[in-house]
Amino acid sequence: MSKVAIVTGSATGLGATCAIELARQGWNITVNYSRSKKEAEETYALVKEQGVEALLVQADMGQDSDCRRLVAETTKKWGRVDGLINNAGTTKFQKERDLEGVTPEDFDRIMRINVAGPYMMSRAVWPIMKEQWEKTKERGSIVNISSNAGATGIGSSIPYVASKGALNTLTLSLARWFGPAVRVNAVCPGFIQSRWLLNGLGEAEYEKLKEQLEQSTPLRQAGTQEQMAEATLFFLLSASNITGEILMVDAGSHLGLLPLKGR
C-alpha cells in the first residue's frame, strides 16, 4: 500500500517541490493551499503525473477546524497518514530598526500560522499515526519547515524570527511527546531562491543578497528549493533513528564568519 503525506502550503515554492518529489517516490499526496488556487491546481496535476493518487484541499493553517478537516479528508480517502510536512508559513517584511513596521496584529497572525499551525496539524495527525504504530509498528514522520532565522535572529521581521525560534522548540517538545510512534524534526533553510523572497525583498535587494551569499558562505552558494526539499525528504524518507533534530540548511551562513580571502 502506498504511503501518504500531507504537505501544507504546497501550491508553490518549497511545498510544491516536496510534494512533487514525494510523488516521484511513490507517495500519495494531499496538496494544500490557502489562497493560491490556480497554482495549487497546477501542483496537483504535476503530482498526479507521477502516477500516484492526489487530493487537493483548501484549508487555512491558522484555523484549528481547517487543520482537523485537512487530516480528516486525507484519512477518509486513504485511511492513513505516514508523513506531514508543515511547510505553510507567512511573514511581513520589516525594515531594520523600524519597530513600528509591524503591528500586534501582524505578530498574532505570523505566530498563529508559523507556530500554532504546525502544532494544530501535528495534533490532528497524532491519533492516526499513533494507531498505525500500535497496529503495524510503522512509524510516522513530521517535518517542520523552520528557518535559520530562529537560531540567528536575522530574518524578514522580528515576529518571523520569533516564530521560527518558537517552531524549533516546538519541534523538540513534540519529538519527546510523540515518540516512539512518530519522529519529529525541523529543517531550517537560509536564503532560498524563490519568487516569494524576490517579491518580498524587491529585485535589487534580492540580487544583492544572493550575490553576497554566493561570495561569503563557506559553500559559496545561495540555496535552491530543490536543496531544501532534499533535506526535508531526508527526514521524511530516511533518518529512521533521528528525532528532535534541527538541521541548518543554509550553505553554512549560520556560522557567522566570513571565510578568509583566497580560500
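Residues numbered from 1 in each chain as written. Predicted model: local features only at pLDDT ≥ 70, side-chain atom pairs only at ≥ 80, totals over all residues. Heavy atoms only, no water.

Caption draft 1: Summary view of the overall build of the chain. A tally of helices and strands in the chain yields 9 helices and 7 strands. On C-alpha atoms alone, the chain measures out to a radius of gyration of 18 Å, which is about the 18 Å that the 2.2 N^0.38 rule sets for 263 residues. Dimensions of the chain, computed from C-alpha atoms along their principal axes, come out at roughly 55 × 40 × 35 Å. Here the chain holds 263 residues, and the buried ones make up 49% of them. For the chain, the proportion of contacts with a sequence separation of at least 24, taken over those separated by at least 6, is 73%. Only carbon and sulfur atoms are counted for the fraction: they give 51% of the accessible area of the chain, which is about 13200 Å². (Helix = DSSP H or I, 4+ residues; strand = E, 2+ residues; numbered from the N terminus. Rg over C-alpha atoms; globule rule 2.2 N^0.38 Å. Buried < 20%, exposed > 50% of the residue type's maximum accessible area, 1.4 Å probe, protein only. Contact = heavy atoms within 4.5 Å. Areas by Shrake-Rupley, 256 points an atom, 1.4 Å probe, with all protein chains shown as cover.)

Caption draft 2: Structural view of helix α1 (residues 13–24). Compared with an ideal rise of 1.5 Å per residue, which puts 12 residues at 16 Å, α1 spans 17 Å between its outermost C-alpha atoms and is within 8% of the ideal. Here α1 lies mainly inside the structure; 9 of its 12 residues are buried. Considered for burial, the residues of α1 that qualify are Leu14, Gly15, Ala16, Thr17, Cys18, Ala19, Ile20, Leu22 and Ala23. Turning to α1, the residues buried within the fold contact β1 (4–7), β2 (28–33), α2 (37–48), β4 (83–86), β5 (140–145) and α9 (225–237). Looking one or two residues beyond α1, the residue adopting positive phi is Gly26, at roughly 95°. (Expected span 1.5 Å × (residues − 1).)

Caption draft 3: Local environment of the sheet that holds strand β7 (residues 246–249). Taken together, the 7 strands give an open sheet; going across it, the order is β3-β2-β1-β4-β5-β6-β7, and neighbouring strands pair in parallel fashion. Each end of this open sheet is capped by a strand with a single partner; those strands are β3 (54–58) and β7. Ignoring strand direction, the axes of neighbouring strands in this sheet form an average angle of 15°. Pairing between β1 and β4: 3 bridges, direction parallel. The partner of Ile6 across the bridge, within β4, is Leu84. (Pairing = 2+ DSSP bridges. Axes fitted to C-alpha atoms, helices over the stretch in contact; angles between N-to-C directions.)

Caption draft 4: View of the environment of Glu245. One can find Glu245 in the loop between α9 and β7. By relative accessible area, Glu245 is classed as partly exposed at 37%. The spacing of Glu245 and Ala175 is 70 residues in sequence and 8.7 Å in space, taken between C-alpha atoms. Those residues in contact with Glu245 that lie beyond four places of it in its chain are Thr171, Val184, Asn185, Ala186 and Phe235.

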